[in-house]
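# Chain and residue survey
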Amino acid sequence: FYTAACTLSPHGKTIVVKSLKDGDFDLYMMEVDGTNIKKLTHQTGYDGGPFFSHDGKKIVYRAWHPTDTALTNYQGLLKQKLVRPNRMELWIMNADGSNQHQITNLGGANFGPFFTPDDKQIIFSSNYKSPRSRNFELYLIDDDGGHLEAVTNHPEFDGFPMFSPDGKQLVWASGRSSKPGELNLFLADWKP
């Protein structure tokens, strides 16, 4: 079965991972040696791209829980070992899987969430302003879904943001200054 998007907890004892282990894309927690596997998400649909908060108490992730015809289409693609995640929203939960709640309702594809150094906001990539485009920008949002703010504004792809361990720099992948289809890494000082 397909397993990917593993993230090590800040204390180094557990891993959160996306897996098709039970026939749907769900998130699981396990010890670093692969023991004590616990399923964290249970809604039918796609759950993936998890990251821990810096204190290890929360997990932010992307999700899409389709209904009706979209659910039928999703399940049909899964049988072919395919997925079409064109609409994703951001969710947060406690590290034990409790208190799962959606924090964006933007439309489009929202992904690559990462907690800011103070664990009060999430930085992520989105194409919500033009959902059918490949123009993704970086945004900040409070961990309760308030105060959406643009971080980048460039006609090329910007995604996969992460902060340095000391919180002083931001790194992300971008199509700017690249050949078509190529991404480069960019580094910037972070001044909250």
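Residues numbered from 1 in each chain as written. Predicted model: local features only at pLDDT ≥ 70, side-chain atom pairs only at ≥ 80, totals over all residues. Heavy atoms only, no water.

## Some details on the overall build of the chain
Per the secondary structure count, the chain includes one helix and 15 strands. Against the compact-globule benchmark of 16 Å for 192 residues, the chain has a radius of gyration of 16 Å, which places it among compact chains. Its C-alpha atoms give the chain principal-axis dimensions of about 40 × 40 × 30 Å. Within the span of the chain, comprising 192 residues, buried residues form 46% of the whole. Pairs at least 24 apart in sequence give 33% of the contacts found in the chain among residues at least 6 apart. Accessible area for the chain stands at about 10400 Å²; split by element, carbon and sulfur atoms hold 52% of it. One finds the centroid of the 20 positive side-chain charges in the chain at a distance of 5 Å from the centroid of its 22 negative side-chain charges. (Helix = DSSP H or I, 4+ residues; strand = E, 2+ residues; numbered from the N terminus. Rg over C-alpha atoms; globule rule 2.2 N^0.38 Å. Buried < 20%, exposed > 50% of the residue type's maximum accessible area, 1.4 Å probe, protein only. Contact = heavy atoms within 4.5 Å. Areas by Shrake-Rupley, 256 points an atom, 1.4 Å probe, with all protein chains shown as cover. Lys, Arg positive; Asp, Glu negative; His and termini not counted. Charge placed at Lys NZ, Arg CZ, Asp CG, Glu CD.)

## A word on the confidence of the model for the chain
For the chain, mean pLDDT is 93; residues scoring 70 or higher make up 99% of the total. Mean pLDDT in the chain bottoms out at strand E1 (residues 3–8), which sits at 88, and peaks at strand E7 (residues 89–94), which reaches 98. (pLDDT = per-residue confidence, 0-100.)

## Here we look at the nonpolar core
Within soluble globular proteins, side chains that are nonpolar generally end up buried alongside one another. Val16, Leu27, Met29, Leu40, Phe52, Ile59, Tyr61, Ala63, Trp91, Met93 and Ala95 together form the largest nonpolar core, which totals 11 residues. For this core, the secondary structure elements donating two or more residues are strand E3 (26–31), strand E6 (58–64) and E7. Ranked by residue count, the leading element in this core is E6, at three residues. Leu40 has contacts with Val16, Leu27, Tyr28, Met29, Ile59, Met93, Ala95, Asp96, Gly97 and Gln100, leaving out every residue within four places of it along the chain. Listed in part, the nine residues of the second largest apolar core include Leu90, Ile92, Ile103 and Tyr139. (Core = buried A, V, L, I, M, F, W, Y, C linked by side-chain atoms within 4.5 Å.)

## Thoughts on the pairing of strand E2 (residues 14–19)
Most of E2 is tucked away, with six of its six residues classed as buried. Of the two faces of E2, the one lined by Thr14, Val16 and Lys18 and the one lined by Ile15, Val17 and Ser19 are each fully buried. In this structure, E1 lies alongside E2, joined through four bridges in antiparallel fashion. Paired with Thr7 across the strands is Val16, a residue of E2. Between E1 and the antiparallel strand that follows it, E2, lie five residues; Gly12 among them carries a positive phi value of about 75°. One ladder, built from six bridges, connects E2 with E3; its direction is antiparallel. Paired with Lys18 across the strands is Leu27, a residue of E3. Joining the antiparallel neighbours E2 and E3 is a turn of six residues, in which Gly23 adopts a positive phi near 95°. (Pairing = 2+ DSSP bridges.)

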